[in-house]
Protein chains: 2
Amino acid sequence: MNPNIPQTDRKRVVIVGAGFGGLKLARRLSRMKEFQVVLINKHNYHEFQPLYYQVATAGLEANSILFPLRAVFGNCKNVHIRITTVTGVRPLEKTVDTELGPISYDYLVIATGADTNFFNQQNIIEKALPMKSVSEAIALRNRMLQNFEDALSVETAEEREGLMDVVVVGGGPTGVELCGTLAEMRRTVLPSDYPELDFKMMDIYLIESGGELLGPMSVQSQEHSLKYLLDLGVIVRLNTRVKDFDGRIVTMNDGSTLRTNNLIWAAGVKASPLAGLPPDVIGRGGRILVNRYNQVQGLTNVFAIGDVALMTEEKWPNGHPQVAQPAIQQGKLLARNLQRLVHNETLKEFTYRDLGTMATIGRGLAVVDLPFLKFQGFFAWLTWLFVHLIAIVGVKNRAAIFLNWMFNYLTYNNSLRLIIRQKLPVGNFSAMQEKLSDQLEVSKT
Amino acid sequence: MNPNIPQTDRKRVVIVGAGFGGLKLARRLSRMKEFQVVLINKHNYHEFQPLYYQVATAGLEANSILFPLRAVFGNCKNVHIRITTVTGVRPLEKTVDTELGPISYDYLVIATGADTNFFNQQNIIEKALPMKSVSEAIALRNRMLQNFEDALSVETAEEREGLMDVVVVGGGPTGVELCGTLAEMRRTVLPSDYPELDFKMMDIYLIESGGELLGPMSVQSQEHSLKYLLDLGVIVRLNTRVKDFDGRIVTMNDGSTLRTNNLIWAAGVKASPLAGLPPDVIGRGGRILVNRYNQVQGLTNVFAIGDVALMTEEKWPNGHPQVAQPAIQQGKLLARNLQRLVHNETLKEFTYRDLGTMATIGRGLAVVDLPFLKFQGFFAWLTWLFVHLIAIVGVKNRAAIFLNWMFNYLTYNNSLRLIIRQKLPVGNFSAMQEKLSDQLEVSKT
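Residues numbered from 1 in each chain as written. Chains lettered and ligands numbered in written order. Predicted model: local features only at pLDDT ≥ 70, side-chain atom pairs only at ≥ 80, totals over all residues. Heavy atoms only, no water.

Participant: I keep staring at the overall build of chain A and nothing clicks. Help me out?
Facilitator: Tallying secondary structure elements over chain A gives 13 helices and 25 strands in all. Put simply, chain A has 445 residues, and 56% of those count as buried. Total accessible area on chain A is roughly 18,200 Å²; 52% of this is exposed by carbon and sulfur atoms. (Helix = DSSP H or I, 4+ residues; strand = E, 2+ residues; numbered from the N terminus. Buried < 20%, exposed > 50% of the residue type's maximum accessible area, 1.4 Å probe, protein only. Areas by Shrake-Rupley, 256 points an atom, 1.4 Å probe, with all protein chains shown as cover.)

Okay, here's the thing in structure tokens:
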């Protein structure tokens, strides 16, 4: 029980997940004398999700968008970080079960976010490349670079094209940003890296099931982003669904096919709630139903925030968008509300303040929708850059990082196209094999 | 045959290995109109070996010391890079066999370097952590950080200490630099990252079989480096050999034991020659016997340079030290000698110009032996820093990288202590399993 976490007079808040919401909440609580914080996360770092696509395309090194949790909470005596996986929650006993053993809580906050939604398409789960973690982004980078290497040595033009072509599924910000960057690379760094390959043969497809790109954005932004991508030579197919992929051939719902070894899946997310919650609190997309205080329906002292939470407001009848801002804003308010709860004060209702949406299409172009202003092009890109840099500085809290990041981002062409493979420790063979077997089981279910 | 490498009028030089020697040679040859260069390497990057220990201790990110080969040779039409493994050489047929198929050569240059020498101690091969590649350095970083995480949750003080203690075997530059950096981390960043752990319990041992540290350096430097390490609280055991390690207990040749989960093996190297060479050309430490023109004994048109080559000079009866300088100097001269060979000119003999040796012990202290001057301390450290920065700029050829590198190196405390695990692609399970089985076979032989 409670692996080496001391029992104190403070109320123990167990936070599961160190994404945007969990991290913001933990930072706020760490400064309040009422609480002991136990922050549980699978990795020892916070991932800055909006820039995964930069890692996948060798524009930024992974460490530029990862923030070690222990550096964020350096010297905080009332924050206990545990790197482990939560296997379930027992609300009646006020306990979460983890791979390190059970941990009891006074308040539990579920901030587990969302993962790729493959819509139960087994072949796609097995063969497509998702991009919902930094490991997946690195795997994507390795795969694409390795494919160019392989393309040098294959015998037929058909095989070569299959290795070079890329099909991206999902016309949201991730798909649009990825296609824009890939199209830029095709024009600039790739021909210089591979003078033996003819990059006129490399096709980049963007497949979107809806009738427009960047669904929730303004018509203006949708049209501009489409135009920018077409100008960059991306082949965009709207109103098209991917039905199947065998590792080489992508089949669409209209029966048409594309030959590629690279199918990148950015078509949707589903929430990752915890096992042990009553089934009736799970809503659409696997999200946990919460009231305006982020309390989980029918449970006392259990809260959910961010992507995993489904809170409806009049303006948001289907819940908030699954992006950083609602998570951050909920994390901030929940910290104060927990404090109010301890002092028996009245809680404040959450209201989402929509700060706007933006997406970038390559370096130099972006689309920005602010509540009272929409604009596109180079100035939009500068805005995008500025907002993301500020966000990163907000996490890292150091101006120097800002400069380093900007440097890495702007020079971008020379040092990151690395295929780094991790060595499997020989001694741990059996443990590794077990893990693999588990994965196989999972992939078979 | 010759996977998509065009046949031209130029002489084809096949270089195996893109370490210091192979890379220098390839760069020189790429500017000569007489040659077509085929550069074969296992990875798509050159590794700057002297700074592995920085990656292992989270002082530098891997990409700071890796240089993508395709970026180095961007747009070079007469350089053909192939990322593959050479399985053997057939000197009579002037062919090397690779996993991409056989490749014919006019001249072959073996620049395959050296790997960790475990002296055939099976338990140590399986359980110790080597540091002769960037993957191994990352694995070391992951392991040490994970051990600190595990130390938070174990029940007994004994287990906790085993996870925190580190035993480094080998008192060469790698061992000394690693111990110095670890001792610094124990004083600075680790207590801030893990306020729940008591770092007075963390012991750092350096085990050296000889009677002094930094064997080939001056007595002055040896004594200073020992003093620096002792001042930093490293426990140094000279004249001691590690005989066994079961993953938890290290046994020394005097029968004494140490409890640790971290045994880092930096005790020596052995050369990595190619299969298919006549056995009588393999000398001490697996090195290939070459004459003063780097020609392999008894073979025409086959050369070896750098760590894998054993060339004796009057001043170097046992061959040159296995460090960067001989490899670089041999690469430079061999480029000119190959040109002379093509034009039937007389070849020039190689003479090693010893530029000196240096090692750093933490940030701010180093020992430097120049041919006519030996000095230690802070100024030595500035010299060390300057020389390594110049060397890196020499590879990357861009002043901007210099600044970025310096920035990463000097700020060092906030963003790299990441345990990044690569996701195994589910779809490739069987390929991965095969690889694992191969590894198991290897570890059993």
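So, next bit.
Participant: What is the right way to look at the sheet that holds strand E12 (residues 166-169) of chain A in this model?
Facilitator: Within a sheet, adjacent strands bond to each other through the backbone by hydrogen bonds, running parallel or antiparallel. Residues and elements named next belong to chain A. Strand order across the open sheet formed by five strands is E11-E18-E12-E13-E14, with parallel pairing between neighbours. On the outer flanks of this sheet lie strand E11 (129-130) and strand E14 (235-237), each paired with one strand and no other. Where strand E13 (residues 204-207) and E14 come together, three bridges link them in parallel fashion. Looking at E14, one finds that Leu206 is bridged to Val236. Lying on the sheet, helix H7 (residues 173-187) is in contact with E12, E13 and strand E18 (262-265); it crosses E13 at an angle near 170°. (Pairing = 2+ DSSP bridges. Contact = heavy atoms within 4.5 Å. Axes fitted to C-alpha atoms, helices over the stretch in contact; angles between N-to-C directions.)

Participant: What should I look at first to understand the side chain of B:Glu177 in this one?
Facilitator: Within the secondary structure, B:Glu177 is located in helix H7 (residues 173-187). Setting aside chain neighbours within four positions, we find B:Glu177 in contact with B:Pro50, B:Tyr53, B:Met358, B:Ala359, B:Thr360 and B:Trp384.

Participant: Whenever I open this one, helix H9 (residues 219-231) of chain B confuses me. Can you help?
Facilitator: Helical geometry note: an α-helix holds 3.6 residues per turn, so side chains three or four residues apart project in the same direction. All names here are of chain B. Look at H9: 18 Å from first C-alpha to last across 13 residues, which is about the 18 Å you get at 1.5 Å a residue. Those residues of H9 hidden inside the fold are in contact with H7, strand E13 (204-207), strand E14 (235-237), strand E24 (366-370) and strand E25 (373-377). Looking one or two places after H9, you find Gly233, whose phi comes out positive at around 85°. (Expected span 1.5 Å × (residues − 1).)

Participant: Hey, could you run me through the sheet that holds strand E9 (residues 107-110) of chain A in this one?
Facilitator: Residue and element names in this part refer to chain A. Strand order in the open sheet formed by five strands is E5-E2-E1-E9-E21, with parallel pairing between adjacent strands. Since the sheet does not close on itself, it has two edges, and those belong to strand E5 (79-83) and strand E21 (302-304), each with one partner. Taking each pair of neighbouring strands and ignoring which way they run, the sheet shows an average axis angle of 20°. Bridge count for strand E1 (residues 11-16) against strand E2 (residues 35-41) is six bridges, and the pairing is parallel. By the bridge assignment for E2, Val16 is matched with Ile40. Across the sheet, helix H10 (residues 324-342) is in contact with E1, E2, E9 and E21; its angle to E9 comes to roughly 165°.

Participant: Can you help me understand the packing of aromatic side chains in this one?
Facilitator: Given two aromatic rings, their pairing is described by the distance between the two centres and the angle made by the two planes. Summed over the entire model, instances satisfying the criterion amount to 18 aromatic pairs over all chains. Pairing A:Phe375 with A:Phe379 gives two aromatic rings, centres 5.5 Å apart and planes at 35°, and the pair type is tilted. The class for A:Phe379 is exposed, based on a relative accessible area of 56%. Aromatic pair B:Phe118 and B:Trp265: ring centres 6.3 Å apart, planes at 20°, arrangement stacked. (Phe/Tyr/Trp six-rings, centres within 6.5 Å; stacked < 30°, edge-to-face > 60°.)

Participant: I'm lost on the confidence of the model for chain A in this one. Help?
Facilitator: When pLDDT drops low, the exact placement of atoms in the prediction is not to be read closely. In the predicted model, chain A carries a mean pLDDT of 88, and the fraction of residues at 70 or more is 89%. Confidence over residues 424-445 of chain A falls short of pLDDT 50; this stretch has 26 contacts with residues more than four positions distant or in other chains. (pLDDT = per-residue confidence, 0-100.)

Participant: Sorry if this is basic, but what is going on with the pattern of salt bridges here?
Facilitator: Two side chains carrying opposite charge are able to pair once their charged atoms lie near each other. Counting across every chain of the model gives 18 salt bridges over all chains. Among the ionic pairs, A:Arg259 bridges to A:Glu158, the shortest N-O distance being 3.0 Å. Taken together, the residues A:Arg259 in strand E17 (residues 257-259) and A:Glu158 in helix H6 (residues 157-164) connect sequence positions 101 residues apart. Overall, A:Glu158 belongs to the exposed group, its relative accessible area being 52%. We note a salt bridge from B:Glu93 to B:Arg90, for which the minimum N-O separation is 2.7 Å. Taken together, the shared-partner salt bridges in this structure form one network comprising A:Arg90, A:Glu93 and A:Asp97. (Salt bridge = Lys/Arg side-chain N within 4 Å of Asp/Glu carboxyl O.)

Participant: Please explain unusual backbone geometry as it appears in this structure.
Facilitator: Glycine aside, negative phi is the norm for most residues, and most peptide bonds take the trans geometry. All names here are of chain A. At Lys94, a position not held by glycine, the phi torsion is positive, near 50°. By secondary structure assignment, the location of Lys94 is in the loop between strand E6 (86-90) and strand E7 (95-98). Residue class for Lys94 comes out partly exposed when judged on its relative accessible area of 31%. Located in the positive-phi region is Asn344, a residue other than glycine, with phi close to 55°. By the element assignment, Asn344 lies in the loop between H10 and strand E23 (357-360).

Participant: Any chance you could explain the packing of helix H5 (residues 134-151) of chain A against H6(A) here in plain terms?
Facilitator: Two packed helices can be described by the angle between their axes and the distance between those axes. Residue and element names in this part refer to chain A. At a minimum axis separation of 8 Å, H5 and H6 run at an interaxial angle of 165°. One finds that H5 runs roughly antiparallel with respect to H6. Considering how the two elements wind past one another, H5 and H6 form a crossing that is left-handed. Here H5 contributes Asn147, Phe148, Asp150 and Ala151 to the contact with H6, which in turn contributes Arg160, Leu163 and Met164. When its residues are assigned to classes, the contact of H5 with H6 shows four nonpolar, one polar and two charged. (Parallel < 35°, antiparallel > 145°, perpendicular 65-115°, else oblique. Left-handed = near helix turned anticlockwise from the far one by under 90°. Nonpolar A, V, L, I, M, F, W, Y, C, P; charged D, E, K, R; others polar.)

Participant: Mind showing me how you'd approach the side chain of A:Thr98 here?
Facilitator: Following the sequence through the fold, A:Thr98 ends up in strand E7. The contact partners of A:Thr98, leaving out residues within four places of it in the chain, are A:Ile40, A:Thr84, A:Thr85, A:Val86, A:Thr87 and A:Ile103.

Participant: Can you help me understand the environment of A:Val166 in this one?
Facilitator: Among the structural elements, A:Val166 can be located in strand E12. Note: C-alpha distance between A:Val166 and A:Cys179 (13 residues apart in sequence) is 8.8 Å.

Participant: Quick question: what am I supposed to make of the pairing of E18(A) here?
Facilitator: On any regular strand, side chains alternate: one points to one face of the sheet, the next to the other face. Residues and elements named next belong to chain A. Side chains Asn262 and Ile264 project from E18 onto one buried face, and the interleaved Leu263 and Trp265 project onto a second face that is buried too. Across two bridges, the pairing between E11 and E18 is parallel. When the sheet's bridge partners are listed, Pro130 is paired in E18 with Trp265.

Participant: Would you mind going over the environment of B:Arg287 with me for this structure?
Facilitator: Residue and element names in this part refer to chain B. In this fold, Arg287 is placed in the loop between strand E19 (269-271) and strand E20 (288-289). The class for Arg287 is buried, based on a relative accessible area of 8%. Taking C-alpha positions, Arg287 is 7.4 Å from Ser272, a pair spaced 15 residues apart along the chain.

Participant: Help me out: how do you make sense of helix H5 (residues 134-153) of chain B in this one?
Facilitator: For H5(B), with 20 residues, the first-to-last C-alpha span of 30 Å sits near the 28 Å given by 1.5 Å per residue. Most of H5(B) is tucked away: 17 of the 20 residues are buried.

Participant: Would you mind going over the environment of B:Val269 with me for this structure?
Facilitator: Residues and elements named next belong to chain B. Among the secondary structure elements, Val269 is positioned in strand E19. For the pair formed by Val269 and Thr116, sequence separation is 153 residues and the distance between their alpha carbons is 4.5 Å. Residues within four places of Val269 in sequence aside, it is in contact with Ala114, Asp115, Thr116, Asn117, Lys132 and Gln322.

Participant: Sorry if this is basic, but what is going on with the packing of helix H1 (residues 20-30) of chain A against H10(A) here?
Facilitator: Residues and elements named next belong to chain A. For the pair H1 and H10, the least separation of the axes is 7 Å and the interaxial angle reads 30°. With respect to each other, H1 and H10 are oriented roughly parallel. For the element pair H1 and H10, the recorded crossing hand is right-handed. Two secondary-structure elements touch here, H1 through Phe20, Gly21, Lys24, Leu25, Arg28 and Leu29 and H10 through Ala324, Ala327, Ile328, Gly331, Lys332, Leu334, Ala335 and Leu338. Tallied by class, the residues present in the contact of H1 with H10 amount to nine nonpolar, two polar and three charged.

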